[in-house]
Amino acid sequence: MSMTPLAAIAGAIWLSFTPIYDEDEVPEYTLPDPLVTEGGEPVTSPELWRETRRPEIVALFEEHVYGRWLPDPEHLRFEVVDDEPEALDGAATRRQVVIHFTEEDDRPSVELLVYLPNDVEGPAPMFLYLSFWGNHSVHEDPGIRLSQRWMRGHGQGVEDNRATDASRGSRAANVPVEMILERGYGLATFYYGDAALDDADRYREYVLSLFQDVDEERGPDDAGAIGAWAWALSRALDYLETDADADDERTAVLGHSRLGKTSLWAGAMDERFAIVISHNSGCGGAALSRRRFGERVSRINDSFPHWFCHNFREYNGREDALPVDQHMLIALAAPRAAYVASATEDLWADPRGEFLAAYHAGPVFDLLGESPLPVDDMPEPGVAAHGTVGFHLRDGGHAILEEDWAHYLDFADMHYGR
Ligand code: GCU
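Residues numbered from 1 in each chain as written. Predicted model: local features only at pLDDT ≥ 70, side-chain atom pairs only at ≥ 80, totals over all residues. Heavy atoms only, no water.

Visitor: Explain helix α6 (residues 258–269) to me, please; I cannot follow it from the model alone.
Guide: Every α-helical turn comprises 3.6 residues, leaving residues that sit three or four positions apart pointing alike. For α6, built from 12 residues, the straight-helix expectation of 16 Å at 1.5 Å per residue is met to within 8% by its first-to-last C-alpha distance of 17 Å. Of all the positions in α6, only Leu259, Gly260, Lys261, Thr262, Ser263, Leu264, Trp265, Ala266, Gly267 and Ala268 are classed as buried. (Helix = DSSP H or I, 4+ residues; strand = E, 2+ residues; numbered from the N terminus. Expected span 1.5 Å × (residues − 1). Buried < 20%, exposed > 50% of the residue type's maximum accessible area, 1.4 Å probe, protein only.)

Visitor: Sorry if this is basic, but what is going on with the pattern of salt bridges here?
Guide: According to the stated counting rule, one finds 34 salt bridges in the structure shown. The closest approach of N and O atoms between Glu319 and Arg296, which form a salt bridge, is 3.9 Å. Taken together, the residues span a long stretch of sequence, with Glu319 in the loop between α7 (297–303) and α8 (326–331) and Arg296 in the loop between β9 (275–279) and α7 at a distance of 23 residues. A relative accessible area of 0% means that Glu319 is categorised as buried. Given a relative accessible area of 7%, Arg296 falls into the buried group. (Salt bridge = Lys/Arg side-chain N within 4 Å of Asp/Glu carboxyl O.)

Visitor: What exactly am I supposed to notice about the site of the ligand here?
Guide: The local shell around the ligand consists of Phe132, Ser257, Arg258, Lys261, Glu295, Ile300, Phe304, Trp307, Trp348 and His398. For the ligand, an oxygen atom lies 2.9 Å from a polar atom in the side chain of Trp348. At a separation of 3.4 Å, an oxygen atom of the ligand approaches a polar side-chain atom of His398. Protein contacts shield 81% of the accessible area of the ligand, which totals 320 Å² for the unbound molecule. Under a 2 Å grid-point criterion requiring more than half of the atoms, the pocket assigned to the ligand is the largest pocket. Grouping the amino acids of the shell around the ligand by side-chain chemistry returns five nonpolar, two polar and three charged. (Near = heavy atom within 4 Å. Polar contact = N/O pair within 3.5 Å; in protein donor to acceptor, adjacent residues only side chain to side chain. Areas by Shrake-Rupley, 256 points an atom, 1.4 Å probe, with all protein chains shown as cover. 1 Å grid on protein atoms, 1.4 Å probe; cavity = no way out; pocket = protein on both sides within 12 Å on 5 of 7 lines; lining within 4 Å. Sits in = over half its atoms within 2 Å of the grid points. Nonpolar A, V, L, I, M, F, W, Y, C, P; charged D, E, K, R; others polar.)

Visitor: Just checking my understanding: could you explain empty space enclosed by the protein for this structure?
Guide: Unfilled space is identified by rolling a water-sized probe across the atoms. Summed over all chains, the structure comprises one cavity of 30 Å³ or more. Volume-wise, the largest cavity comes out at about 60 Å³. Along the walls of the largest cavity sit 13 residues, with Cys283, Ala287, Leu288, Ser289 and Glu295 positioned nearest its centre. Of the residues in the lining of the largest cavity, the class split is seven nonpolar, two polar and four charged. (Points joined across faces, edges and corners; volume = space filled by probe spheres on them.)

Visitor: How should I be thinking about the layout of surface pockets in this particular structure?
Guide: The calculated volume of the largest pocket comes to roughly 560 Å³. For the largest pocket, the lining is made up of 34 residues, of which Phe132, His256, Ser257, Arg258 and His398 are closest to its centre. Counting only elements with at least two residues in the lining of the largest pocket, the list comes to β4 (124–131), α4 (192–195) and α6. Residues belonging to the lining of the largest pocket are distributed by class as follows: 16 nonpolar, 11 polar and seven charged. For the second largest pocket, the calculated volume is near 230 Å³. Considering the residues around the second largest pocket, the lining is formed by Val98, Ser109, Val110, Glu111, Asn135, Arg145, Leu146, Ser147, Gln148, Arg149, Tyr191 and Asp194. Element by element, the count of residues in the lining of the second largest pocket is highest for strand β3 (residues 109–117), at three residues. Within the lining of the second largest pocket, the residues separate by chemical class into four nonpolar, four polar and four charged.

Here it is, written out as structure tokens:
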């Protein structure tokens with residue numbers, strides 16, 4: 001019996017929302033070629049990439065996925081509210097800096113925590129890490145100022161949406177501060193909710209309110225929360241440029257999950273970042289949308305309508321119509337270094353799709369004289385593949401752990417020739 005048109009439409013909608021978890025069900029797809037211009041011209045030189053193709057790809061991601069990059073702030077001010085030369089038993093200098101985006105103190109700002117290794121001669125290479133739970137969650141150090149901002153509960157020492165002392169160090173397992181310092185690197189971190197609340201009703205209260213009329217609906221290519229978080233990462237780098245103890249020219253930008261989507265976008269748009277790291281970023285991050293494995297475009301737009309630009313919704317169930325796929329986002333890091341990390345049990349984020357995106361970014365790195373991923377197949381868990389593009393798959397679930405950081409530190413050492 002043939003299907004009624006209504007049943008066919010219902011079936012197509014159902015299919016566009018149902019996650020695929022079986023490799024055999026991944027549909028055939030053709031990726032857009034990062035090395036062919038929109039006019040059909042093959043990109044055969046670094047100049048053509050830089051002058052034509054790269055700007056085209058940036059514009060496509062802005063228009064169809066993340067929204068337009070926000071302009072630089074008119075008034076950027078850095079207020080150093082803490083400068084402790086003997087933090088963490090003398091291992092580090094701790095600085096806390098309020099980054100103000102306007103001349104008024106009560107307007108949107110981000111509070112940056114910086115640890116600099118005391119044992120290092122000259123400015124330290126840095127990891128800029130965006131956090132889910134506030135600066136005080138990354139270490140028990142009582143000198144870290146407790147975030148005063150709205151926060152979700154979820155048993156992280158947050159009551160009535162305010163962090164309490166109980167949340168100090170609640171995410172220390174995700175950020176091995178001592179290990180980073182011992183390896184000669186500094187850490188800078190801030191709470192993503194300082195820039196934009198991760199809430200579909202309130203996400204425009206902070207950074208986006210500086211640039212958008214929040215009483216009007218967002219325009220089709222206006223930035224959403226990911227755009228605001230990524231923009232704030234650039235402002236943190238603006239601060240690092242002024243700190244003589246931090247090496248702003250050797251700064252890696254790093255985030256986990258939705259914040260991995262964010263670090264990829266920040267690293268694509270702000271070419272001052274030397275290394276761009278996506279950790280378990282999945283759909284809308286490192287994973288290829290066309291594979292439709294795990295979380296897919298329709299689902300992410302439905303669950304998180306505030307993350308991407310509204311145009312991205314045009315691709316719900318129509319992934320093949322996207323003029324880009326996520327390998328092209330990774331390619332925007334070139335010729336700088338890019339790293340993608342996945343976890344075996346993190347199927348929602350499509351580990352294979354993340355690997356393949358890193359792999360298919362390769363030709364752009366190659367064209368620019370940099371090494372693509374040095375493997376053709378996804379490496380075994382625990383075995384890192386490090387070219388100018390890096391990848392590892394960790395055994396286990398959706399999280400950032402010390403083992404992951406060990407790979408990032410090795411990768412940075414290799415990249416900086418340390
Ligand atoms: C959800 C979401 C993912 C996201 C993740 C996270 O699972 O569907 O896209 O990466 O949250 O940020 O932890």
